[in-house]
Amino acid sequence: KIQIDVDGIGDRLIQFPLPFGRYSNGQWTGTGKFQYLRGQGVARQPSVGVEEDEDQGACCLFAYSFVRLKEEKLGEHVQDYQLSMDLRNMLLEMRGPDGEEEYQ
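Residues numbered from 1 in each chain as written. Predicted model: local features only at pLDDT ≥ 70, side-chain atom pairs only at ≥ 80, totals over all residues. Heavy atoms only, no water.

Draft legend 1. Looking closely at the overall build of the protein. Of regular secondary structure, the protein possesses 1 helix and 6 strands. Reading the protein from its N terminus to its C terminus gives the helix and strand order α-β-β-β-β-β-β. Across the 104 residues of the protein, 25% fall into the buried class. In the protein, 34% of the contacts between residues at least 6 apart in sequence involve partners at least 24 apart. Taken as a whole, the protein presents about 8300 Å² of accessible surface, with 53% of it coming from carbon and sulfur. (Helix = DSSP H or I, 4+ residues; strand = E, 2+ residues; numbered from the N terminus. Buried < 20%, exposed > 50% of the residue type's maximum accessible area, 1.4 Å probe, protein only. Contact = heavy atoms within 4.5 Å. Areas by Shrake-Rupley, 256 points an atom, 1.4 Å probe, with all protein chains shown as cover.)

Structure, rendered in structure tokens:
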């Protein structure tokens, strides 16, 4: 059973001010930043049991610092990424201008 202490909850919430977009693959890093992909497409309600279109166009990889309250762009044309188990390194799957996939 999950119990939420709502007394003073307004003092424990922080804003995550980001522009509209198509967000995916959000993950915490070892330094306390939150990384995510943001695409140019229109955000939509997720559906259960419906496969998503895998080729959703180019995305940019961002990291948001809750200490500095600032977003930083880490890369463009990123299709996917994976953080290492120690959260210090990552593997990027990128798509070049010619459509070729490459890994960095």
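Draft legend 2. Inspection of the side chain of R38 at higher detail. You can see R38 is positioned in strand β2 (residues 34-39). Of the polar contacts made by the side chain of R38, one reaches the side chain of E71; its length is 2.8 Å. In contact with R38, other than residues within four places in its own chain, are P19, F20, G21, R22, Y23, C59, C60, F62 and E71. (Polar contact = N/O pair within 3.5 Å; in protein donor to acceptor, adjacent residues only side chain to side chain.)

Draft legend 3. View of the sheet that holds strand β4 (residues 70-83). Taken in spatial order, the 6 strands line up as β1-β2-β3-β4-β5-β6 in an open sheet, and their pairing is antiparallel. Where the open sheet ends on each side, the last strands, each with one partner, are β1 (22-28) and β6 (101-103). For this sheet the average axis-to-axis angle between neighbouring strands, irrespective of direction, equals 40 degrees. In this structure, strand β5 (residues 90-95) lies alongside β6, joined through 3 bridges in antiparallel fashion. (Pairing = 2+ DSSP bridges. Axes fitted to C-alpha atoms, helices over the stretch in contact; angles between N-to-C directions.)

Draft legend 4. View of the packing of aromatic side chains. Inspection of the entire model under this criterion finds 10 aromatic pairs. Plain terms: the ring middles of F16 and F66 are 5.1 Å apart, the flat faces sit at 50 degrees to each other, and that makes the pair tilted. Of this pair, F16 sits in the loop between α1 (9-12) and β1 while F66 sits in the loop between β3 (59-65) and β4; the two residues are 50 residues apart in sequence, bridging distant segments of the chain. Here F66 falls in the partly exposed class, since its relative accessible area comes to 21%. A ring pair is formed by W28 and F66, whose centres lie 5.6 Å apart and whose planes are at 35 degrees; its orientation type is tilted. Here F66 lies in the loop between β3 and β4 and W28 lies in strand β1, a separation of 38 residues in the sequence. Overall, the relative accessible area of 47% leaves W28 in the partly exposed class. (Phe/Tyr/Trp six-rings, centres within 6.5 Å; stacked < 30°, edge-to-face > 60°.)

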